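Structural features, examined
Residue strings, one per chain:
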Amino acid sequence: MPPLPSPLARFELNTSVSNLRHLRASDLGPYDAVYLGNIYCRRYEANFLERPDDVAEAIRVLQDQGKRAYLTTYAAPRDDGMPPIRRALETAASKGAAAVEVHSLGLVKLVRDEFPGLPIHVGNFANVYTDAGVEVLKGFGVARITPSYELPLDEVEAIARDGGIPVELVVHGKLPLGVSESCFLLDHETTWGLPCPDLCQGDVFLRKEDWSLKSVGKGILAGRDVSMIEHLPRLIAQGHRHFRIEAVSESPAYRHVVGATYREALARAVCGDPRPEPRWGEALSAQARLGFCNGFYFGRSGMDYAGAAIAGQAHPNPEWRER
Amino acid sequence: MILLAPAGSPRAVEAALEAGADAVYVGLQGWSRGGARGELGSEQLADAVRRAAGQGAEIQVALNTIPKPPERAALEAEIPRLVALGIRTLIVNDIGILVSLRRRFPQLSLTASVGCGAQTAADVAFFREIGADAVVLPGTVGPDQAAECTAAGGITVEVMLHMVEEFVLLGRCGMPSYVHLKPTAMPGALAAGMRQTGSMKRGGVGTCFRICQEPWELTDRHGHREQQFFPSRQLSRLGDVPAYLAAGVGALKLQGRSLPPESLRPLVARYRLALDEAGAGAPVPAWSELALPTSWTAVGR
């Protein structure tokens, strides 16, 4: 008799990786699935989206580990960037990627028309705000949606309930807040003595008073890490099953520590135990640069934090603050 | 090809029409992104429609917030009144609202706002498939790319030739609400409705807290420290009008609902002349580009 499926089998914990080097350096044990590619910049170091052979190798590596490989795509593609996207999609489809994430509505149609066997996940930058928007995308065969990060949990719940498409939520990491067609870090290439594509991998932060953002060149992320670890029981009770650790700009250590912590928290929450462990907060704090927030889940500005377990860790890294 | 001008007040409508706009887009009080961008009340809108009709021009209405589902019903309840006023074109910012309006009001022409983020031929094809009559591309899309977008046909491609290009792309900015999100009452529209001030998509762009105009301290792990502004620039493609015309673009759109009439009038007049000259096969006059007021930024846009 085959073993009964674990209660955790209904859930997915996934993360994001930009290139093969980072993938190989990362212990992806805590994860069920991985998004491949950097959505911001075609010049990002060895970006999967520009290297179909690397996509093929990454899919093989992930499949060997029993994990699902998802290809992501650019947040704001232009027509001159479509040929490499098509090549990456062809590789993803032929090598058995489990889905492709798209942020551009045009790519929703393109994937449906040209790669009909490839399930479509719609990402944050597609700006899905309402159940009516979900209904439109359902007509395109979309398999999963990440609603706009600006939505509070009650609206996300309504979308999940009324939209009829599974929803994916970022539960930890730096929320993507914007995408650009230019990179101001290039202005510092000479004075800093750092060439592209190394510039944007230097943990570049923008700070003003208690506001903080992270720059990844053409992308702007939240400065603080979203953390929903103590709210996982609520998310599960609302029926959510797909959780993302946003780690595209993070180190392999971050990816592993945060993933392992959430894996444990998820297992406990699924078993009905809502109590967070203090060591979870300690583990996450050690990886955060500028503290935590909840994003927009509680209807407040994205940089606020609601909760008790790690609320005292708003600025957990004194060394960083002194820089 | 038509010239589509902005207006945030009755005087601005008048200025745009007198300067030669074929159509003028305005915000409907409570249902556009408001703030420094003016919005017109019902009577002002009715007057604008009458005035435009007298000149053979059209008033288009921007309904470019994304209301919550309960408020969406109230928004849709406004539409018959707009139709009765003579409005034939609505500009919307959400695919759900667009499709819903398409089903309920097949007689209306629906435009996917520049805030929908379209910038590729594939995006244009998507909006055509869901029933949009027109889609607005940012002026960062050049004439050659615009030609690719118009090639498929079946939908009018508009290009916002005169705009502020912020660092973060239109329709893809969540910075202000990350820093501050402030629900505020919706003026004149719905007593219980809340405009999400700080959200670039859900209303209240008029108070976006100037995030992208602030000097930030830029640091990295190597100890570098710089003062950093988010780069932005005024984009004006007056000289490219003939190329966009040749590309099959259906409307040249100008940004600037917050512009005072005295700034709007010469702006529209220059594009009118450029369009007419291009249509006649004459070279576009070699003006210096018309600069917008220095205060005219993301907040006032």
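Rules and cut-offs
Residues numbered from 1 in each chain as written. Chains lettered and ligands numbered in written order. Predicted model: local features only at pLDDT ≥ 70, side-chain atom pairs only at ≥ 80, totals over all residues. Helix = DSSP H or I, 4+ residues; strand = E, 2+ residues; numbered from the N terminus. Rg over C-alpha atoms; globule rule 2.2 N^0.38 Å. Buried ≥ 20, exposed ≤ 12 C-beta atoms within 10 Å, placed from the backbone. Contact = placed C-beta atoms within 7 Å. Pairing = 2+ DSSP bridges. Axes fitted to C-alpha atoms, helices over the stretch in contact; angles between N-to-C directions. Expected span 1.5 Å × (residues − 1). Parallel < 35°, antiparallel > 145°, perpendicular 65-115°, else oblique. Left-handed = near helix turned anticlockwise from the far one by under 90°. Nonpolar A, V, L, I, M, F, W, Y, C, P; charged D, E, K, R; others polar. Core = buried A, V, L, I, M, F, W, Y, C linked by C-beta atoms within 7 Å. pLDDT = per-residue confidence, 0-100.

The secondary structure content of chain A amounts to 11 helices and 14 strands. Scaling as 2.2 N^0.38, a compact globule of 323 residues should have a C-alpha radius of gyration of about 20 Å, and chain A matches this with 19 Å. Taken along the three principal axes of its C-alpha coordinates, chain A extends 60 × 50 × 40 Å. By residue count, 54% of the 323 residues in chain A fall in the buried class.

With that settled, consider the overall build of chain B. On a plain count of helices and strands, chain B comes out with nine helices and 15 strands. Counting over 301 residues, chain B shows a buried share of 57%. The contacts in chain B between residues at least 6 apart in sequence include a share of 64% that link residues at least 24 apart.

By way of backbone hydrogen bonds, the strands of a sheet pair with one another, either parallel or antiparallel. Residue and element names in this part refer to chain A. Taken in spatial order, the 10 strands line up as S6-S5-S4-S3-S2-S1-S13-S7-S12-S14 in an open sheet, and their pairing is mixed. For this open sheet the edge positions go to strand S6 (144–145) and strand S14 (292–293), each flanked by a neighbour on one side alone. Bridging between strand S1 (residues 12–17) and strand S13 (residues 242–246) involves four bridges; their strand directions are parallel. Residue pairing for S13: Asn 14 is matched across the bridge by Arg 244. Running at roughly 155° to strand S3 (residues 68–71), helix H2 (residues 52–64) makes contact with strand S2 (33–36) and S3 of the sheet.

What follows deals with helix H9 (residues 252–270) of chain A. Residue and element names in this part refer to chain A. For H9, spanning 19 residues, the distance from its first C-alpha to its last is 26 Å, which sits close to the expected 27 Å at 1.5 Å a residue. Turning to H9, its buried residues number three or more, namely Tyr 254, Arg 255, His 256, Val 258, Gly 259, Thr 261, Tyr 262, Ala 265, Leu 266 and Ala 269. Taken together, the buried residues of H9 touch S1, strand S7 (168–173), helix H8 (232–237), S13 and helix H10 (278–287). Note on H9: the residue one or two positions beyond its end, Gly 272, has a positive phi of about 90°.

This next bit is on the interface of chain B and chain A. Between chain B and chain A, the residue contacts involve 52 residues of the former and 52 residues of the latter. For the side of chain B that touches chain A, the elements supplying multiple residues, two or more each, are helix H3 (69–85), helix H4 (95–104), helix H5 (121–129), helix H6 (143–151), strand S9 (168–173), helix H7 (175–179), strand S12 (216–219) and strand S13 (225–228) of chain B. Ranked by residue count, the leading element in the side of chain B that touches chain A is H5(B), at six residues. Bridge count for strand S8 (residues 176–180) of chain A against S9(B) is two bridges, and the pairing is antiparallel.

A word on the sheet that holds strand S9 (residues 204–208) of chain A. Read across the sheet, seven strands follow the order S9(B)-S8(A)-S11(A)-S10(A)-S9(A)-S12(B)-S13(B) without closing on themselves; strand pairing throughout is antiparallel. Lying at the two open borders of the sheet, with one neighbouring strand each, are S9 and S13 of chain B. Across the sheet, the mean angle from the axis of one strand to that of its neighbour is 30°, orientation sign disregarded.

Here we take up the environment of B:Lys253. Residue and element names in this part refer to chain B. Within the fold, Lys 253 resides in strand S15 (residues 251–254). Here the alpha-carbon distance between Lys 253 and Leu 161, two residues 92 residues apart in the chain, equals 6.0 Å. Ignoring sequence-local partners within four residues, the contact set of Lys 253 consists of Leu 4, Val 136, Glu 158, Val 159, Met 160 and Leu 161.

With that settled, consider helix H3 (residues 82–95) of chain A. All names here are of chain A. Helix length check: H3 (14 residues) gives 20 Å between terminal C-alpha atoms against 20 Å at 1.5 Å per residue, within 8%. For H3, the complete set of buried residues consists of Met 82, Ile 85, Ala 88, Leu 89, Thr 91 and Ala 92. Buried residues along H3 sit in contact with H2, S3, strand S4 (99–102) and helix H4 (105–114). Gly 96 lies just past H3 and shows a positive phi near 90°.

Moving on: the packing of H9(A) against H10(A). All names here are of chain A. It is at 9 Å that the axes of H9 and H10 come closest, and there the two elements cross at 160°. With respect to H10, the axis of H9 lies roughly antiparallel. Taken as a pair, H9 and H10 cross one another with a handedness that is left-handed. Of the residues in H10, those touching H9 at Tyr 254, Val 257, Val 258, Thr 261 and Ala 265 are Trp 280, Ala 283, Leu 284 and Gln 287. Looking at the contact of H9 with H10 residue by residue, the class counts come to seven nonpolar, two polar and no charged.

Let us look at the nonpolar core. By size, the foremost hydrophobic cluster in this structure holds 194 residues, and its most contacted members are A:Val100, B:Ala16, B:Val24, B:Val26, B:Val135 and B:Leu252. Element by element, the count of residues in this core is highest for helix H9 (residues 261–279) of chain B, at seven residues. Apart from residues lying up to four places away in sequence, B:Val24 is in contact with B:Ala5, B:Ala7, B:Val13, B:Ala16, B:Leu17, B:Ala52, B:Ala57 and B:Ile59.

Now for the packing of H2(A) against H3(A). Residues and elements named next belong to chain A. Contact geometry of H2 with H3 gives a least axis separation of 9 Å together with a crossing angle of 25°. Taken together, H2 and H3 sit at an angle that is classed as roughly parallel. Considering the relative orientation of H2 and H3, their crossing is right-handed. Contacts between H2 and H3 involve Pro 52, Val 55, Ala 56 and Ile 59 from the former and Arg 87, Ala 88, Thr 91, Ala 92 and Lys 95 from the latter. Considering only residue class, the contact of H2 with H3 consists of six nonpolar, one polar and two charged.

Let us now look at unusual backbone geometry. All names here are of chain A. Cys 196 connects to Pro 197 through a cis peptide bond whose omega is 15°. Structurally, Pro 197 is set in the loop between helix H7 (189–192) and S9. The backbone of Asn 127 sits at a positive phi, close to 60°, despite the residue not being glycine. Structurally, Asn 127 is set in the loop between strand S5 (120–122) and helix H5 (131–138). Using a count of 25 C-beta atoms within 10 Å as the deciding quantity, one classes Asn 127 as buried.

Residue and element names in this part refer to chain A. Tracing the backbone through its elements, the reader meets Gly 223 in the loop between strand S11 (219–222) and strand S12 (225–227). Judged by the 25 C-beta atoms lying within 10 Å of it, Gly 223 falls in the buried class. In sequence terms Gly 223 and Arg 207 are 16 residues apart; their C-alpha atoms lie 8.3 Å from each other. Setting aside residues no more than four positions away along its own chain, Gly 223 makes contact with Phe 205, Ser 212, Leu 213, Lys 214 and Leu 290.

Residue and element names in this part refer to chain B. Burial of strand S4 (residues 58–63) is extensive: six of the six residues sit out of reach of the surface. The side-chain alternation of S4 yields two buried faces, one formed by Glu 58, Gln 60 and Ala 62 and the other by Ile 59, Val 61 and Leu 63. Examined bridge by bridge, S4 and strand S5 (residues 89–92) share four bridges and lie parallel to one another. Counterpart to Val 61 in the pairing with S5 is Leu 90.

It is worth spelling out the confidence of the model for chain B at this point. All names here are of chain B. With 87% of its residues at a pLDDT of 70 or more, chain B has an overall mean of 87. For the stretch residues 294–301, pLDDT sits under 50, and the model shows 20 contacts to residues farther than four places along the chain or on other chains. We note a pTM of 0.93 for the whole complex and an ipTM of 0.93 for its interfaces.

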